[in-house]
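Structure at a glance
As a plain string of letters, each chain reads:
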Amino acid sequence: MKIRYIALFLALVSSWLVKAQPQLNDRKSCDRVIADMEKRLNAPFSSTQQEDSCLYILNQLMSSNLLSKIDKLLPEYMIETLNKNRLESTAEDIEFVTTDGLSHRLSEYKTPLKLLYFNDPDCDACALVKARLDTTSLLKQMVEQQLLTVIAVYTLDNENAWRKTPMPAYIVNGWDQAQRIENEETFLLPTMPVFYILDSSNIVKVKNEPSLNNIASYLKELSSHKAGQPQCRDNKK
């Protein structure tokens, strides 16, 4: 399928990046690599290979004798950030409130897949994506079939803007009232809007994906994969 070819391409590119590591011969080259890593960290990506490539380079910087302890603060911060909610790891258990005032946790939802939609009511791109969510039949069907829970998460402090921006009926409209995501940076959010896909155990399957089209492709693939898995049998007599 198309998504597999994309994943293979990203794996090959990332493999090349690891093999063709920049030479850290002097302070200037180190500064250039740090700037490049910062750009990558602030750009959406959801490939394990890309994460591994960045972490490899950052760890090389941390091992370099060309940088002081102060110089290494930024690479150290980037390593810490990249290690949050890594692909195939357990995501942070978000706590949020809904418009009815009730408090919820991400772990309460037990559908096979969960789609987190991080958004900002004041974001023009978010408004465009929300309009498309109104008419996206795939997501609605998966929610109706109890295969998916879609949770919109607002992370900032403008409660009035959040309440004035209703979501489609099939979406859980959440607000991080405690501001943990924003203040503690529990999730890496390089852009708005951005999507994460988790499984029923909150294992991260896709992260930092800004494209709803790509999300639809990922969901089709993940749901078909789950449908094709053999059912576990109870061998106890």
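Numbering of residues starts from 1 in every chain and runs along the sequence as written. For this predicted model, a pLDDT threshold of at least 70 governs which residues receive local features, and a threshold of 80 or more governs which side-chain atom pairs are given and counted, while totals over whole chains, interfaces and linings are taken from all residues. Neither water nor hydrogens contribute to the side-chain values; these are computed over all heavy atoms in the structure.

1. Looking at the side chain of arginine 86
Following the sequence through the fold, arginine 86 ends up in the loop between α4 (73-82) and β1 (95-98). Exposed residues in this analysis have more than 50% of their type's maximum accessible area, buried residues have under 20%, and partly exposed residues fall in between, with area computed by a 1.4 Å probe over protein chains only. For arginine 86, a relative accessible area of 18% puts it in the buried group. Each helix is a run of H or I in the DSSP string that is no shorter than four residues. Each strand is a run of E no shorter than two, and both are numbered from the N terminus.

2. Side note on the pairing of β1
Strand pairing requires that DSSP identify at least two bridges connecting the strands. Pairing between β1 and strand β2 (residues 103-105): three bridges, direction antiparallel. The residue of β2 that forms the bridge with phenylalanine 96 is histidine 104. Taking the residues that link successive antiparallel strands as the turn, the β1-β2 hairpin has four residues, and the phi of glycine 101 there is positive, at about 90 degrees.

3. Some thoughts on the confidence of the model for the protein chain
A residue's pLDDT is simply how confident the predictor is in it, with values from 0 to 100. Averaged over all residues, the pLDDT of the protein chain is 84; the fraction at 70 or higher stands at 83%. Note that residues 1-20 has pLDDT below 50 and, in this model, 16 contacts with residues that lie over four places away or in other chains. Here residues 230-237 scores under 50 on pLDDT; set against residues more than four positions off or in separate chains, the count is zero contacts. Whether two residues are in contact is decided by their heavy atoms, any of which lying within 4.5 Å being enough.

4. Focus on the packing of aromatic side chains
We call Phe, Tyr and Trp rings a pair once their centres come within 6.5 Å, taking the six-membered ring for Trp, and we label the pair stacked below 30 degrees between planes, edge-to-face above 60, and tilted otherwise. In the structure shown here, the tally under the stated rule is six aromatic pairs. Measuring from ring centre to ring centre gives 5.7 Å for phenylalanine 118 and tyrosine 196, while their planes differ by 80 degrees; the resulting arrangement is edge-to-face. With phenylalanine 118 in strand β3 (residues 113-119) and tyrosine 196 in strand β6 (residues 194-199), this pair connects stretches of sequence that are 78 residues apart. Take tyrosine 196: its relative accessible area is 0%, and that puts it in the buried class. Judged by centre distance (5.4 Å) and plane angle (35 degrees), the rings of tryptophan 162 and tryptophan 175 are tilted. With tryptophan 162 in helix α7 (residues 159-163) and tryptophan 175 in strand β5 (residues 171-175), this residue pair connects regions lying 13 residues apart in the sequence.

5. Overview of helix α5 (residues 124-133)
Listing the buried residues of α5 in full gives Cys126, Val129, Lys130 and Leu133. Angularly, the buried residues of α5 cover 105 degrees about the axis, an arc narrow enough to put them on a single face. Away from its buried face by more than 90 degrees, α5 exposes Asp124 and Leu128. Think of it as the arc spanned by the lines of direction from the helix axis to the C-beta atoms.

6. A closer look at helix α2 (residues 27-41)
Counted at 1.5 Å a residue, the expected span for α2 with its 15 residues is 21 Å, and the 21 Å between its end C-alpha atoms agrees. For α2, the set of buried residues is Ser29, Cys30, Val33, Ile34, Met37 and Leu41. Buried residues in α2, looked at end-on, bunch into an arc of 140 degrees, giving them a common side. Those residues of α2 that are exposed and angled more than 90 degrees off the buried face are Lys28, Arg32 and Lys39. Under the convention used throughout, the expected extent of a helix is 1.5 Å for every residue step, that is, one less than its residue count.

7. Re the pairing of strand β7 (residues 204-209)
Buried residues dominate β7, accounting for five of its six residues. Here three bridges tie β6 to β7, and the two strands are oriented antiparallel to one another. Pairing of leucine 198 across the sheet is with valine 204, part of β7. Between the antiparallel neighbours β6 and β7 lie four residues, among them asparagine 202 with a positive phi of about 70 degrees.

8. What to know about the sheet that holds β3
Strands sit in the order β2-β1-β5-β4-β3-β6-β7 across an open sheet of seven strands; the sheet is mixed. Only two strands of the sheet have a single partner each, and these edge strands are β2 and β7. With strand direction ignored, the average angle separating the axes of adjacent strands in the sheet is 30 degrees. Pairing of β3 with β6, which is carried by six bridges, proceeds in the antiparallel orientation. For tyrosine 117, the partnering residue across the bridge sits in β6 and is phenylalanine 195. For helices, the axis comes from a line fit to the C-alpha atoms of the stretch in contact; other axes are also lines fit to C-alpha atoms, and the angle between any two N-to-C directions lies between 0 and 180 degrees. Packed on one face of the sheet, α5 meets β3, β5 and β6 and runs near 145 degrees to β3.

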